[in-house]
Protein chains: 2
Amino acid sequence: MASGDVDEIQVAESSFISSSRNDRVPSEYRDDENTEDDVSGDDQSTETLGGSIGRRNGTMARQKLEKGKKIGHRRVGVGGEITYKKIQTSQIMGSIQLGIQHAVGGLASKPERDLLMQDFMTVETTVFAADGSNHTPAHHYSEFTFKTYAPIAFRYFRDLFGIQPDDFLISFCSAPLRELSNPGASGSIFYVTEDDEFIMKTVQHKEGEFLQKLLPGYYMNLNQNPRTLLPKFFGLYCYQCNSKNIRLVAMNNLLPSYVALHQKYDLKGSTYKRKASKAERQKKSPTFKDLDFMEHHPDGIFLEADTYTALNKTIQRDCRVLESFKIMDYSLLLGIHNLDQALREKLEQKKNSMHVEGDEAGGPSSGSVSLNRTRSINRQRLVAHSTAMESIQAESEPIDEEEDVPLVALYFHFKSIQNY
Amino acid sequence: MASGDVDEIQVAESSFISSSRNDRVPSEYRDDENTEDDVSGDDQSTETLGGSIGRRNGTMARQKLEKGKKIGHRRVGVGGEITYKKIQTSQIMGSIQLGIQHAVGGLASKPERDLLMQDFMTVETTVFAADGSNHTPAHHYSEFTFKTYAPIAFRYFRDLFGIQPDDFLISFCSAPLRELSNPGASGSIFYVTEDDEFIMKTVQHKEGEFLQKLLPGYYMNLNQNPRTLLPKFFGLYCYQCNSKNIRLVAMNNLLPSYVALHQKYDLKGSTYKRKASKAERQKKSPTFKDLDFMEHHPDGIFLEADTYTALNKTIQRDCRVLESFKIMDYSLLLGIHNLDQALREKLEQKKNSMHVEGDEAGGPSSGSVSLNRTRSINRQRLVAHSTAMESIQAESEPIDEEEDVPLVALYFHFKSIQNY
């Protein structure tokens, strides 16, 4: 990248357990499950997991080829029903909502205080009997145990990221979670909150342990390097049922659905077989790689000198932290939001909406005004606290419609906590 | 304590490995070596270690009763010579000055960067051959090895406390250290820098290990609770010679010689046998205890409401940190600087100095102007960064002579890292 004048808005963000908020299947998700693609050179080996996800009704549009398939612990039955470790995904989703409600809600009674080293090591365990108890509600799922790792530490992190407890609860518990249909090579499951703000991802035992061990270093990085592009972790949980452990990590959704990313790149700084596969290119929103970037942007992307310097420094600091964690498989997710293209799309959308405006008035949304308002505040807060935006956002001409301020265009994505 | 109007200036500070800067023998030093006095009720058991310390010539005025005595590893020979683990104290002092010069000076080549978890665990080891080497100077002491624990972490702490590397080096290495003559019950040795800014104290193996383990939690406290009254640690070292290990910790000198403390209290919040001993009371500057405080200040000390609230909160937060470290033996050092008394003393001093002014002009001090200036800047910086002063300093009428601004009156003193 070179520094210079800008005609695009840039923002950086990142994740080492990848996450996304997007209607399209985020192909970044696959990458952390398929980390050997550079080594094996097998760029074609990524699964074809396709289609768009039905957002509003909580069900997935699943392609036929998925059915009857098992990847890792995730199995798709012949009827299309999904299980993880032989537990129905709907049961997992419902149970973890109960667990989070209890864990985060219960924190309200614990006054805010300074974080201590011990707080990284604590685990809170609650049994959820089907009939309920003094502390837990009755439910129609199998009896389960819900473990919350480092609850005080994650409360501190959420607070640092500007996530109020109520907003976190509303996002996670006021509406059913959606499951993304892209399990990735290892068969991780991704749940997205209905408001698109948060991701919940299953992690393996070792990953969960590793993340827990990282917490003190993660804390240090957040304190010293508030513009870090590393992912935001909001919680680490374990759902136990039928003698099975399902560990989950809550993160921010990297790709906000309200900002279209017209181009996406997964960059590793290597040119060796770093070209998006044919299958990837044919997608509606493909994620390109280093060689594609060089082809599309032979002169690089122009950033203001200050932005360029700040971004470079942030990347260096983040890389040093990743190195100290002994994580060597990560990449930078670069998303480009093209202002001209966005304006064209906006105008087109307006034309179309004028045709159907009559149909949309009224409808079910009117009943959820208060919730929507909260979500919108929450979203603004998330955006306001996105370290990426603060550090990398560049100057642009003011745009008269506030709703359309193009906040995001450059995304950074450090991925893979699991390859250490 | 009650809140209300103030006619004194208050400042808080603290130490859990105790330290002091004062001409008088700081009786606080003894307390952390004699931590069972509440349990045993043996308040009279504190040793009579007396006299004032010759500050300018680096030698100690030692009372006869000390001679031939051995407390812990510290031995006073019949001729008055002091050894620690059978190594002459002068050799220890000279060697650690070489070690610090090398360790802190060597850091200059390492660029500033974010602190990582690993930095708390690192140890840097340098062999100081008597003939010198490519990296170390020749010297006239026995060959020794100098270990610096967590050098990058302590650089970070020093920076946080506003101590520039050059100032630290000048304080520690540009003039001989002075040894305090109060070894305390366990026989720790205290060295004070010639400018009275820093203390170096020998610690036992377990204490050193414990401090090293505390560092991540210590870091967290400094970040979250910048007004903490806990002591400032600037370095942890090990001097190895003749197969002996002498571990040392560098700290701030709690009792600045430039501010007279007219009353000092070591407070534990208990009234059980908490009365200063007869011997203590007969000293020029005794350290009283809880019962004495209640007698001298039956209505408590009046602080402004805001100061009182801030102080209370800080103490609560510090106590929680000490509790998390499983430290239960600590006390609060309360020092009172009486403005009226200080003014009277000042006037008296002026009268006296007018008589002897002729003698003082010229003299050896003129040769060290530049060093003195640096020290003065350093001192101001230390003062400026004293969390205590920021948090607890109360309002007072402005005093026209800058030199005499009474910065200190209330001191806080958490002591004893060794009783865990």
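About the criteria used
Here the residue numbers are simple positions, counted from 1 along each chain's written sequence. Chains and ligands are labelled sequentially in the order written, the chains with letters from A and the ligands with numbers from 1. With the structure being a predicted model, the display of local features is reserved for residues of pLDDT at least 70 and the display and counting of side-chain atom pairs for 80 or more, all residues being used for whole-chain, interface and lining totals. The basis for every side-chain value is the complete set of non-hydrogen atoms in the structure, without hydrogens or water. UniProt positions are given in the numbering used here, feature names are shortened, and annotations may be inferred rather than shown by experiment. Secondary structure elements are defined from DSSP: runs of H or I of at least 4 residues count as helices, runs of E of at least 2 residues count as strands, and each element is numbered from the N terminus. Three labels apply to residues, based on accessible area from a 1.4 Å probe with only protein chains included: buried if under 20% of the type maximum, exposed if over 50%, partly exposed otherwise in between. By definition, residues are in contact when any of their heavy atoms lie within 4.5 Å. A pair of strands is labelled paired if DSSP reports no fewer than 2 bridges between them. Each reported salt bridge corresponds to a side-chain nitrogen of Lys or Arg within 4 Å of a carboxyl oxygen of Asp or Glu. By disulfide we mean two sulfur atoms from cysteines, separated by a distance within 2.5 Å. Angles shown run from 0 to 180 degrees and are taken between the N-to-C directions of axes, each axis being a line fitted to C-alpha atoms and, for helices, limited to the stretch in contact. Computed with a 1.4 Å rolling probe, the buried area is the accessible surface lost when two parts are put together, summed over both parts. Side-chain classes are defined by residue name, with Ala, Val, Leu, Ile, Met, Phe, Trp, Tyr, Cys and Pro counting as nonpolar, Asp, Glu, Lys and Arg as charged, and the others, Gly among them, as polar. When the copies are superposed, the least-squares fit takes in the C-alpha atoms of residues with a pLDDT of at least 70 in both. Here roughly perpendicular refers to angles of 65 to 115 degrees, roughly parallel to angles under 35, roughly antiparallel to angles over 145, and oblique to all remaining angles. We call a crossing left-handed when the near helix sits turned anticlockwise from the far one by less than a right angle, and right-handed when that turn is clockwise. Here a Phe, Tyr or Trp ring, Trp counted by its six-membered ring, pairs with any other such ring whose centre lies within 6.5 Å, and the pair is stacked when the planes are under 30 degrees apart, edge-to-face when over 60, and tilted otherwise. Two limits define a charge over a ring: the Lys NZ or Arg CZ must be within 6 Å of the ring centre, and within 35 degrees of the ring normal.

- By the naming in an unreviewed UniProt entry, chain A goes by PIPK domain-containing protein and is assigned to Bemisia tabaci.
- On record in UniProt, under Subcellular location (unreviewed entry), the comment for chain A is "Cytoplasm".

**Some points on the overall build of chain A**
Okay, so step 1: Of regular secondary structure, chain A possesses twelve helices and 16 strands.
Okay, so step 2: For chain A, the residues scored as buried account for 54% of the 420 residues in total.
Okay, so step 3: Partitioning the contacts of chain A with sequence separation of at least 6, the portion at a separation of at least 24 is 76%.

**Some details on the sheet that holds strand E5 (residues 87–88) of chain A**
Residue and element names in this part refer to chain A.
Okay, so step 1: Taken in spatial order, the four strands make up an open sheet running E2-E3-E4-E5, and their pairing is antiparallel. Bordering the open sheet on either side are strand E2 (70–71) and E5, each of which pairs with just one other strand.
Okay, so step 2: Where E2 lies against strand E3 (residues 74–76), two bridges are found, and the strand directions are antiparallel. From the neighbouring strand, Lys-70 faces E3, where its bridge partner is Arg-75.

**Considerations on the pattern of salt bridges**
All names here are of chain B.
Okay, so step 1: Inspection of every chain in the model, using the stated rule, returns 24 salt bridges over all chains.
Okay, so step 2: With its nearest N and O atoms 2.4 Å apart, the salt bridge here joins Glu-124 to Lys-110. Pair noted here: Glu-124 is in strand E6 (residues 123–128) and Lys-110 is in the loop between helix H3 (89–107) and E6, with a separation of 14 residues, a long-range link.
Okay, so step 3: Taking relative accessible area as the criterion, Lys-110 reaches 32% and is therefore assigned partly exposed.

**Section: the environment of Arg-320 of chain B**
Okay, so step 1: Secondary-structure assignment places Arg-320 of chain B in helix H9 (residues 305–324).
Okay, so step 2: For Arg-320 of chain B, a relative accessible area of 30% translates into the label partly exposed.
Okay, so step 3: Between the C-alpha atom of Arg-320 of chain B and that of Gly-77 of chain B, which follows or precedes it by 243 residues, the distance is 43 Å.
Okay, so step 4: Other than its neighbours up to four places away in sequence, Arg-320 of chain B contacts Arg-113, Asp-114 and Leu-116 of chain A.

**Observations regarding the state of the cysteines**
Formally, a disulfide is one covalent bond, and it connects the sulfur atom of one cysteine to the sulfur atom of another.
Residue and element names in this part refer to chain A.
Okay, so step 1: Within this structure, the stated rule accounts for zero disulfides over all chains.
Okay, so step 2: Here Cys-238 stays free of any disulfide, with the sulfur of Cys-241 as its closest cysteine sulfur at 11 Å.
Okay, so step 3: The exposure class assigned to Cys-238 is buried, which follows from its relative accessible area of 1%.

**Quick notes on the sheet that holds strand E9 (residues 190–192) of chain B**
Residues and elements named next belong to chain B.
Okay, so step 1: Strand order in the open sheet formed by seven strands is E6-E7-E11-E12-E10-E9-E8, and the pairing between neighbours is antiparallel. Of all strands in the sheet, those bounded by a partner on one side alone are E6 and strand E8 (178–179).
Okay, so step 2: In this sheet, strand E10 (residues 198–203) lies alongside E9 in antiparallel orientation, the contact comprising three bridges. Across the sheet, Val-192 pairs through a bridge with Ile-199, a residue of E10.
Okay, so step 3: Sheet strands in contact with helix H4 (residues 151–160) are E6, strand E7 (144–149) and strand E11 (233–241), and its direction is about 145° off that of E11.
Okay, so step 4: Sitting on the sheet, helix H6 (residues 205–224) touches E6, E7, E10, E11 and strand E12 (244–252), and the angle it makes with E11 is about 150°.

**Quick look at the interface of chain A and chain B**
Okay, so step 1: Counting residues at the interface gives 19 residues for chain A and 19 residues for chain B.
Okay, so step 2: With both chains or domains summed, chain A and chain B bury close to 1,800 Å², and 58% of this area falls on carbon and sulfur atoms.
Okay, so step 3: Here chain A and chain B share two salt bridges between them.
Okay, so step 4: The residue Arg-317 of chain A makes a salt bridge to Asp-114 of chain B at a minimum N-O spacing of 2.7 Å.
Okay, so step 5: Sort the elements by how many residues they give to the side of chain A that touches chain B and helix H6 (residues 205–224) of chain A lands first, with six residues.
Okay, so step 6: Residues of the side of chain A that touches chain B, tallied by class, amount to nine nonpolar, six polar and four charged.

**Structural notes on the relation of the copies chain A and chain B**
Okay, so step 1: Structural alignment of chain A on chain B gives an RMSD of 0.0 Å, achieved by rotating through 180° and translating 0.0 Å along the axis. The transformation relating the two chain copies, once decomposed into turn and shift, fits a two-fold axis.
Okay, so step 2: Taken together, the interface assignments show that 100% of the residues at the interface of chain A recur at the interface of chain B, consistent with an identical surface on both copies.

**A look at the packing of H4 of chain B against H6 of chain B**
When two helices pack together, their arrangement is captured by the angle between the axes and the distance separating the axes.
Residues and elements named next belong to chain B.
Okay, so step 1: Running from N to C, H4 and H6 point in directions that differ by 20°, and their axes come no closer than 12 Å. Considering the angle they form, H4 stands roughly parallel to H6. Judged by the sense of rotation from one axis to the other, the crossing of H4 with H6 is left-handed. Contact residues: H4 offers Phe-154, Tyr-156, Phe-157 and Leu-160, while H6 offers Leu-215, Tyr-218, Tyr-219, Leu-222 and Asn-223.
Okay, so step 2: The class makeup of the residues in the contact of H4 with H6 is eight nonpolar, one polar and no charged.

**Here's the deal with the environment of Gly-99 of chain B**
Okay, so step 1: The residue Gly-99 of chain B is located in helix H3 in this model.
Okay, so step 2: Sequence separation of Gly-99 of chain B and Lys-289 of chain B is 190 residues, and the distance between their C-alpha atoms is 39 Å.

**Quick notes on helix H4 (residues 151–160) of chain A**
Residues and elements named next belong to chain A.
Okay, so step 1: When you tally the buried positions in H4, you get eight out of ten residues, the bulk of the element.
Okay, so step 2: Those residues of H4 not exposed but buried are Pro-151, Ile-152, Ala-153, Phe-154, Arg-155, Tyr-156, Phe-157 and Arg-158.
Okay, so step 3: Gly-162, located one to two residues past H4, shows a positive phi value of around 80°.

**Concerning the packing of aromatic side chains**
Any aromatic ring pair is given by two values, namely how distant the centres are and how the planes are angled relative to each other.
All names here are of chain A.
Okay, so step 1: Enumeration according to the criterion identifies 35 aromatic pairs over all chains in this entry.
Okay, so step 2: Measuring from ring centre to ring centre gives 5.3 Å for Tyr-218 and Phe-233, while their planes differ by 50°; the resulting arrangement is tilted. With Tyr-218 in helix H6 and Phe-233 in strand E11 (residues 233–241), the pair connects residues that are 15 residues apart, well separated along the chain. Here Tyr-218 and Phe-233 have matching classes, each one buried.
Okay, so step 3: Seen from the ring of Phe-168, Arg-158 lies directly overhead, with NZ or CZ sitting 4.7 Å from the centre.

**What to know about the pairing of strand E10 (residues 198–203) of chain A**
Residues and elements named next belong to chain A.
Okay, so step 1: The buried fraction of E10 is high, at six of six residues.
Okay, so step 2: Where burial is concerned, the two faces of E10 agree: the one with Phe-198, Met-200 and Thr-202 and the one with Ile-199, Lys-201 and Val-203 are both buried.
Okay, so step 3: Two strands pair when backbone bridges link them, and E10 and strand E12 (residues 244–252) are joined in this way by six bridges, in the antiparallel orientation. Note that in E12 the partner of Thr-202 across the bridge is Leu-248.

**So, unusual backbone geometry**
Generally, phi is negative for residues other than glycine and the peptide bonds are trans, each holding for most cases.
Okay, so step 1: For Lys-86 of chain A, which is not glycine, the phi dihedral falls at a positive 65°.
Okay, so step 2: Positionally, Lys-86 of chain A belongs in the loop between strand E4 (82–84) and E5.
Okay, so step 3: In this structure Lys-86 of chain A comes out as exposed when scored by relative accessible area, which is 68%.
Okay, so step 4: Phi at Lys-326 of chain B takes a positive value of approximately 60°, unusual for a residue other than glycine.
Okay, so step 5: Within the element layout of this structure, Lys-326 of chain B appears in the loop between H9 and strand E16 (332–336).
Okay, so step 6: Given the relative accessible area of 63%, Lys-326 of chain B is considered exposed.

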